[in-house]
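Close look at the chain arrangement
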Amino acid sequence: MKKTILIIDDSLPIRYLLEAILGHQYTVVSAQDGLAAMSWLSKGSTPDLIITDLHMPNIDGWELLAHLSASYLYKDIPAIVITGALESVPDDFVGKYNNVHAVIQKPFDPANLLQQVGEIINGELATINS
Amino acid sequence: METITPTMAPLTGLGIAGKNNGTAQRPLEQERVLLFVGAAFPAASMEVAGFRCLVAEDVKGAQQTIAQLLNVYRQIPAVIIFRFKSDYETAFAQWESYFASHKVLCSIPFFLYTEDVSDTLKSFVRKYTFIDEIITKDCLLQQLQPKVDFVNKFKRLHTFMPLQEQEKVVYKGRRVSNFLKRTVDVTAAATALVVLSPVMLAVAAAIRLESKGPIFYTSKRAGRNYKIFKFYKFRTMVPDADKKLHMLENQYKDGKGAKFFKVANDPRVTRLGNFLRNSSLDEIPQLLNVLKGDMSLVGNRPLPLYEATTLTTDDWAERFLAPAGITGLWQISKRGKKEMSAEERISLDIDYAHKNSFAYDMWLMVNTPFAMIQKDNV
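Please read all numbers here as calculations on a predicted model, not as lab measurements.

Observations regarding the overall build of chain A
Scanning chain A from N- to C-terminus turns up 5 helices and 5 strands. Along chain A, from the amino end to the carboxyl end, the secondary structure elements read β-α-β-α-β-α-β-α-β-α. Here chain A has a C-alpha radius of gyration of 13 Å; the compact-globule value for 130 residues is 14 Å, and the two agree. Each principal axis of the C-alpha atoms in chain A carries an extent, and together these give about 35 × 30 × 30 Å.

Structure below.
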């Protein structure tokens, strides 16, 4: 069964692009902001990985990650941040939110992203299997 | 919502946690109420920051408290915290039915309190969508406020601002157009390859006679949806041209970064290559890419990966949503003009992604021959 990735980005072209890049290997669900993502998660859905932008309307990536990383229900879901404003991300970001495994700057290399996604998802599987 | 008789004896029979520490002196209307449901409030002797704590023993008592808060104080609890216990199945069924008949109360954050968070409990809780979070004593005393604020904001937005339909209009739902486009691509490319095979043989012989090295030039390009494929052309440069690119980039770059790297009078281009480029004969092998489905006859220029990776931004990623093509909007509108900036080219690509249709492709193909002969040597 394919693993599921939740993509959260307010840019429709980026969502389509990520869906296309990741869709061959994974089941991809996309949300236009943290509100849509939380709506999906609150129905009991659990993705294997979250890829999120930071600057979004309604509920942004900062709020979302702060909640997810401190939540017993969601903190085990690994996340990758993909942002166009890397300079606004503090150096200790990954350490602060223990579910965030990587921060990637836009523009990004899709091949590199695919590799990181594979490593994180397979890493998680290895942890679970052991 | 069921009818409840208002009472002038508010919160009769309810325990008010922290009533001796001064917080109970403030009017209830001005406070955020934490309603704890369970026999023993784990922070009974303490104040939970930012909240007036009320305790109800069971679900029925909690629902009576909510009714009193509504009718007497015109407010609802800021959060309901339900202590997990052995008869949870009955209690959860009661809560589920309560929220189903009191829709407006669904916006209250509902947390499950437990001292032992197990994976079984987590997967069990996910089945009950009215439960927003699991908390422990530490969360209750130290992290409750941000959790309540977040869930409250989410539920408020979710309740009062229904999710917008995701925009699925621009790039999908063109099956007929795509079918026609592919049919024309395969038919035209196959026919052209047959018709042009003598020309291709002549060009191949000329390339081999002029300089040593392969007849075809292949490179990895990113097409529609960033699909990476092997792109074919007749070789127009010296055999190790790619290795010399870095040297030329350093020589010509303006410091701002070259998104589309082009050099006027590129010294790597051979004399025959110059002719092939100006006559566009070097592009004939791309018909193989069209046959394979990597490209279309009409579309955006497939980009080398070093250029493509610079365009995966919110503003420019849209260009990858259109197919890669031999000819396109850029070729017929401004090709060969020196003043064309990288931004202008990307804008044309995005413009094509918006207008992309079978009829538009036909119009571009009809206009392509007029733009075949380039004026500038770029």
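Looking at the packing of aromatic side chains
Residues and elements named next belong to chain B. Going through the model one piece at a time under the given rule, you end up with 26 aromatic pairs over all chains. Taking the centre distance of 5.2 Å and the plane angle of 55 degrees together, the rings of Tyr 226 and Phe 320 count as tilted. Residue Tyr 226 is located in the loop between strand 7 (216–222) and strand 8 (228–234), and its partner Phe 320 is located in the loop between helix 10 (305–308) and strand 11 (325–327); the two are separated by 94 residues in the primary sequence. Note on Tyr 226: relative accessible area 6%, which makes it buried. An aromatic cluster is built from Phe 82, Phe 84, Tyr 88, Phe 92, Trp 95, Tyr 98, Phe 99, Phe 110, Phe 124, Tyr 128 and Phe 130, whose rings are joined through pairwise contacts. Cation over ring: Arg 221 sits above Phe 231, and NZ or CZ is 4.1 Å from the ring centre. The ring of Phe 320 is capped by Arg 319, whose NZ or CZ atom sits 5.2 Å from the centre of that ring.

Points about the interface of chain B and chain A
Between chain B and chain A, the contact holds 38 residues from the first and 38 residues from the second. Both sides of the chain B and chain A interface together cover about 3,500 Å² of buried area, and 62% of this is carbon and sulfur. Linking chain B with chain A are 3 salt bridges, by the criterion used here. At the boundary of chain B with chain A, the tally comes to 10 residue pairs in polar contact (both at pLDDT 80 or more). Going through the elements one at a time, helix 3 (119–125), strand 6 (133–135) and helix 4 (137–160) of chain B are the ones with two or more residues in the side of chain B that touches chain A. Take the side of chain B that touches chain A: its biggest share by element is 8 residues, from helix 4 of chain B. Split by residue class, the side of chain B that touches chain A holds 17 nonpolar, 10 polar and 11 charged.

Things to note about the confidence of the model for chain B
All names here are of chain B. Averaged over every residue, the pLDDT of chain B is 81; the share at 70 or more is 78%. Ignoring residues within four places in sequence, the model shows residues 1–10, a span with pLDDT below 50, making 13 contacts including any to other chains. Taken together, the chains of this predicted complex give a pTM of 0.82 and an interface ipTM of 0.90.

With respect to the packing of helix 2 (residues 34–41) of chain A against helix 4 of chain B
Between helix 2 of chain A and helix 4 of chain B, the shortest axis-to-axis distance is 10 Å and the interhelical angle comes to 95 degrees. What the angle tells us is that helix 2 of chain A and helix 4 of chain B run roughly perpendicular. Side by side, helix 2 of chain A and helix 4 of chain B meet where Leu 35, Met 38 and Ser 39 of chain A of the first sit next to Phe 150, Phe 154, Leu 157 and His 158 of chain B of the second.

Considering the sheet that holds strand 10 (residues 303–304) of chain B
All names here are of chain B. What the 3 strands build is an open sheet, ordered 8-7-10; its pairing is antiparallel. Each having just a single partner strand, strand 8 and strand 10 make up the two edges of the open sheet. Across 2 bridges, the pairing between strand 7 and strand 10 is antiparallel. Counterpart to Arg 221 in the pairing with strand 10 is Pro 304.

A few points about the sheet that holds strand 3 (residues 49–52) of chain A
One key point about sheets: their strands pair by backbone hydrogen bonds, in either a parallel or an antiparallel sense. Residues and elements named next belong to chain A. Spatial ordering of the open sheet is given by 2-1-3-4-5, a layout of 5 strands whose pairing is parallel. Looking at strand neighbours, the two that pair on one side only are strand 2 (27–31) and strand 5 (100–105), the edges of this open sheet. Strand-to-strand, the axes of this sheet are offset by a mean angle of 20 degrees, without reference to chain direction. Bridging between strand 3 and strand 4 (residues 79–83) involves 3 bridges; their strand directions are parallel.

As for unusual backbone geometry
Cis geometry marks the peptide bond from Lys 106 of chain A to Pro 107 of chain A; its omega dihedral reads 0 degrees. Topologically, Pro 107 of chain A is positioned in the loop between strand 5 and helix 5 (110–129). Here Asn 58 of chain A, not a glycine, exhibits a phi torsion of approximately 65 degrees, which is positive. Checked against the element boundaries, Asn 58 of chain A lands in the loop between strand 3 and helix 3 (61–69). Positive phi values are uncommon outside glycine, yet Tyr 226 of chain B reaches one of about 60 degrees.

What counts as what
Throughout, residues of each chain are indexed from 1 in the direction in which the sequence is written. Both sets of labels track the order of writing: A upward for chains, 1 upward for ligands. Predicted model: local features are reported for residues with pLDDT of at least 70 only, side-chain atom pairs are reported and counted for 80 or more only, and whole-chain, interface and lining totals are derived from all residues. As a rule here, side-chain values cover all heavy atoms of the structure and leave hydrogens and water aside. Each helix is a run of H or I in the DSSP string that is no shorter than four residues. Each strand is a run of E no shorter than two, and both are numbered from the N terminus. Computation of the radius of gyration draws on C-alpha atoms alone. For the globule rule, the value is 2.2 Å times the number of residues to the power 0.38. When the centres of two rings from Phe, Tyr and Trp lie within 6.5 Å, Trp using its six-membered ring, the rings pair. Their planes under 30 degrees apart give stacked, over 60 give edge-to-face, and anything left gives tilted. To sort residues, take the accessible area from a 1.4 Å probe on protein chains only and compare it with the maximum for the residue type: under 20% means buried, over 50% means exposed, and anything in between is partly exposed. Geometrically, a lysine NZ or arginine CZ counts as sitting over a ring once it is within 6 Å of the ring centre and also within 35 degrees of the ring normal. Only heavy atoms enter the contact rule, under which two residues are in contact if any of them lie within 4.5 Å. What gets called buried area is simply the loss in accessible area from a 1.4 Å probe that two parts show on being joined, summed for both. A side-chain nitrogen of Lys or Arg and a carboxyl oxygen of Asp or Glu constitute a salt bridge if their distance falls within 4 Å. Polar contact is defined as a pair of N or O atoms within 3.5 Å, subject to the rule that within protein one atom must be able to donate a hydrogen and the other to accept it, and that residues adjacent in sequence are counted only when both atoms are side-chain atoms. Each residue is assigned to one class: nonpolar for Ala, Val, Leu, Ile, Met, Phe, Trp, Tyr, Cys and Pro, charged for Asp, Glu, Lys and Arg, and polar for all the others, Gly among them. As a per-residue measure, pLDDT reflects the predictor's confidence and takes values from 0 up to 100. Each axis is a line fitted through C-alpha atoms, and for a helix only the stretch in contact is used; angles between axes span 0 to 180 degrees, taken between their N-to-C directions. For this classification, under 35 degrees means roughly parallel, over 145 means roughly antiparallel, 65 to 115 means roughly perpendicular, and everything else is oblique. Note on pairing: two strands pair once DSSP finds at least 2 bridges between them.

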